[in-house]
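Listed below, chain by chain, are the residues.
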Amino acid sequence: MITCDFAILPVGTETTECKDYVTAAVQSIKDSGLSYQLTGMGTQIEADNLEELYSAIAAAQEAIFELGIGRVYTVIKIDDRRDLENRTLDAKVETVNQMLK
């Protein structure tokens, strides 16, 4: 399982509001069928391989360009762990929660 945390930012907008752009990007991720979690500072995605992950991120960028933005800045963090099976986002959080005192 590959997990990814990413944020897509439109550059050159007339306002500081990003909700329309975030919604378009997240809708694209949702439409991809991949498991995802929206957070206050980005979106996390789970994928079986890099190809489907990169494809989903590319589609999210395109969704913002389709809104008329001329420049999109994307930050991607990928955890490609192959020594354990099914290390989902929830499993990673649960591991730490179990260790908390």
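For clarity, every value in this text was computed on a predicted model and none was experimentally measured.

Cut-offs applied
- Residues numbered from 1 in each chain as written.
- Predicted model: local features only at pLDDT ≥ 70, side-chain atom pairs only at ≥ 80, totals over all residues.
- Heavy atoms only, no water.
- Core = buried A, V, L, I, M, F, W, Y, C linked by side-chain atoms within 4.5 Å.
- Buried < 20%, exposed > 50% of the residue type's maximum accessible area, 1.4 Å probe, protein only.
- Helix = DSSP H or I, 4+ residues; strand = E, 2+ residues; numbered from the N terminus.
- Contact = heavy atoms within 4.5 Å.
- Pairing = 2+ DSSP bridges.
- pLDDT = per-residue confidence, 0-100.
- Axes fitted to C-alpha atoms, helices over the stretch in contact; angles between N-to-C directions.
- Patch = residues over 30% accessible without salt bridge, like charges linked within 9 Å, V, L, I, M, F, W, Y side chains within 5 Å.
- Areas by Shrake-Rupley, 256 points an atom, 1.4 Å probe, with all protein chains shown as cover.
- Salt bridge = Lys/Arg side-chain N within 4 Å of Asp/Glu carboxyl O.

## Structural notes on the nonpolar core
Reasoning step 1: Residues Phe6, Ile8, Ile29, Ile45, Leu53, Ala60 and Ile64 are the most contacted members of the largest nonpolar core, which totals 17 residues.
Reasoning step 2: Put simply, the parts of the chain that give this core at least two residues each are β1 (2-11), α1 (19-32), β3 (42-47) and α2 (50-65).
Reasoning step 3: Looking at this core element by element, the count peaks at five residues for α2.
Reasoning step 4: Beyond its immediate chain neighbours, meaning those up to four positions away, Ala60 contacts Phe6, Ile8, Ala25, Ser28 and Ile29.

## Here we look at the pairing of strand β2 (residues 35-39)
Reasoning step 1: Summarising the sheet, β2 and β3 pair through five bridges and their orientation is antiparallel. Each bridged residue has a counterpart across the sheet, and for Ser35 the counterpart in β3 is Glu46.
Reasoning step 2: Taking the residues that link successive antiparallel strands as the turn, the β2-β3 hairpin has two residues.

## What about the confidence of the model for the protein?
As a general rule, the predicted coordinates of low-pLDDT regions are not to be interpreted in detail.
Reasoning step 1: A residue-level look at the protein finds 100% of positions with pLDDT of 70 or above and a mean pLDDT of 93.
Reasoning step 2: Within the protein, the lowest mean pLDDT, 90, falls on β1, and the highest, 96, falls on α2.

## A look at the sheet that holds β2
Reasoning step 1: Pairing in this open sheet of four strands is antiparallel, and the strands run β2-β3-β1-β4 from one edge to the other. Edge positions in the sheet fall to β2 and β4 (71-80), since each has one partner strand and no second. Taken pair by pair, the neighbouring strands of this sheet meet at an average axis angle of 20°, ignoring direction.
Reasoning step 2: In terms of strand pairing, β1 meets β3 through five bridges, oriented antiparallel. Across the sheet, the residue bridging to Ile2 is Ala47, located in β3.
Reasoning step 3: This element, α1, spans β1, β2 and β3 of the sheet and lies at about 160° to β2.

## Observations regarding a nonpolar patch on the surface
Reasoning step 1: On the surface, a cluster of nonpolar side chains totalling about 330 Å² of accessible area is made up of Leu9, Val11, Tyr73 and Val75.
Reasoning step 2: Of all the elements in the fold, those that place two or more residues in the nonpolar patch are β1 and β4.
Reasoning step 3: With respect to the element layout, Val11 can be found in strand β1.
Reasoning step 4: Look at Val11 and you get partly exposed, because its relative accessible area is 31%.

## Section: the pattern of salt bridges
Reasoning step 1: Counted by the stated rule, this structure contains four salt bridges.
Reasoning step 2: Close ionic contact of Lys92 with Asp79 constitutes a salt bridge, the shortest N to O distance being 2.7 Å. One end of the pair, Lys92, is in helix α3 (residues 89-99); the other, Asp79, is in strand β4, with 13 residues separating them in the sequence.
Reasoning step 3: The residue Asp83 makes a salt bridge to Arg81 at a minimum N-O spacing of 2.6 Å.
Reasoning step 4: Taking the relative accessible area as the measure of exposure, Arg81 reaches 33% and is therefore partly exposed.

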